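Here is what each chain is made of, one letter per residue.
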Amino acid sequence: NNSNLRIEKYESLVRLCSDDGQIVNPSVFLPVAKRTKLYSMITRIMSEKTFEYFKDKDYEFSVNLSVEDILNEDTVGYISDLISIHGNSLNERIIFEIVESEGIENFPKVKKFIENIKSGGCRIAIDDFGTGYSNFNYIGELNVDFIKIDASMIKNIDSDKSSRIITETIVGFCQKMGIQTVAEYVHSKEVFEIVRKIGIDYSQGYYFGKPTDSVKI
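Residues numbered from 1 in each chain as written. Predicted model: local features only at pLDDT ≥ 70, side-chain atom pairs only at ≥ 80, totals over all residues. Heavy atoms only, no water.

Asker: Summarise the side chain of asparagine 2; cite the residues concerned and give the values.
Answerer: Note on placement: asparagine 2 falls in the segment before strand S1 (9–11). With a relative accessible area of 6%, asparagine 2 lands in the buried category. A polar side-chain atom of asparagine 2 sits 2.9 Å from a polar atom in the side chain of serine 203. Ignoring any residue separated from it by four or fewer positions in sequence, one finds asparagine 2 in contact with Phe192, Val195, Arg196, Ile200, Asp201, Tyr202 and Ser203. (Helix = DSSP H or I, 4+ residues; strand = E, 2+ residues; numbered from the N terminus. Buried < 20%, exposed > 50% of the residue type's maximum accessible area, 1.4 Å probe, protein only. Polar contact = N/O pair within 3.5 Å; in protein donor to acceptor, adjacent residues only side chain to side chain. Contact = heavy atoms within 4.5 Å.)

Asker: Go over the environment of glutamate 60, please, and point to the residues and values.
Answerer: Along the chain, the position of glutamate 60 falls in strand S4 (residues 60–65). Counting along the chain gives 24 residues from glutamate 60 to threonine 36, while the straight-line C-alpha distance between them is 32 Å.

Asker: Talk me through the packing of helix H2 (residues 39–54) against helix H4 (residues 73–86); I want residue IDs and the actual numbers.
Answerer: Orientation of H2 relative to H4, taken along the N-to-C sense of each, is 10°, at an axis distance of 10 Å. Judged by the inter-axis angle, H2 sits roughly parallel to H4. Seen from H2, the contacting residues are Ser40, Thr43, Arg44, Ser47, Glu48, Phe51 and Glu52; seen from H4, they are Asp74, Thr75, Tyr78, Ile79, Leu82, Ile83 and His86. Classifying every residue of the contact of H2 with H4 gives 5 nonpolar, 5 polar and 4 charged. (Axes fitted to C-alpha atoms, helices over the stretch in contact; angles between N-to-C directions. Parallel < 35°, antiparallel > 145°, perpendicular 65-115°, else oblique. Nonpolar A, V, L, I, M, F, W, Y, C, P; charged D, E, K, R; others polar.)

Asker: Break down the packing of aromatic side chains for me, with residues and values.
Answerer: By the definition in use, this model includes 13 aromatic pairs. Ring geometry for phenylalanine 192 against tyrosine 207: centres 5.8 Å apart, planes inclined by 40°, an arrangement best described as tilted. Placement of the pair is phenylalanine 192 in helix H10 (residues 189–197) and tyrosine 207 in the segment after strand S9 (202–203), with a sequence separation of 15 residues. Classification of phenylalanine 192 by relative accessible area gives buried; the value is 12%. The structure contains a cluster of three or more aromatic residues connected by ring pairs, namely Tyr10, Phe51, Tyr53, Phe54, Tyr59, Phe61 and Phe96. Over the ring of tyrosine 39 we find lysine 34, and its NZ or CZ is 4.9 Å from the ring centre. Sitting over the ring of tyrosine 53, lysine 57 keeps its end group 3.8 Å from the ring centre. (Phe/Tyr/Trp six-rings, centres within 6.5 Å; stacked < 30°, edge-to-face > 60°. Lys NZ or Arg CZ within 6 Å of the ring centre and 35° of its normal.)

Shown next as structure tokens:
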């Protein structure tokens, strides 16, 4: 949280561990999972494990969903069942991040999914804003809670004037719409100071910590 400097939220990230103990990045296996129709299974496993892990912790947490997940009725049903099982005490801490780079192929269904999720007390973030369907009209119609500003906008914001101007425009829009903002890829003190100065609500990146198999309590 850029205001009080406290860690308040965590994002669940999928990784594989090879037989020799090496961590495998999702860029290696997710394309294969999509080609072999296993992608939705990974989403369900991630959702279930994340709900279970955070059920007795006070932090807010997020799970990534692609448009492919949202258009998969079985996956949506599975997630809805998880939400029903865990109840309001957990749901109010859940944020579903829609991965923007996937694009919106079926806008009405995405909008309906968001409405249903939010009616259960959960919140919605648009991930990687600045790529894909970075359309302000969509954001207004989708009624999201968070915009996560893409790494391409943030990583050089301390030296790239155009990145800063674009980011300031996104932040100004979100402030007027009542949407909170998150800066991705905050990797240095210099970047963090600018992110705070232009009014972004939250920061995420290696400046604070790298992915790990558990949170620090």
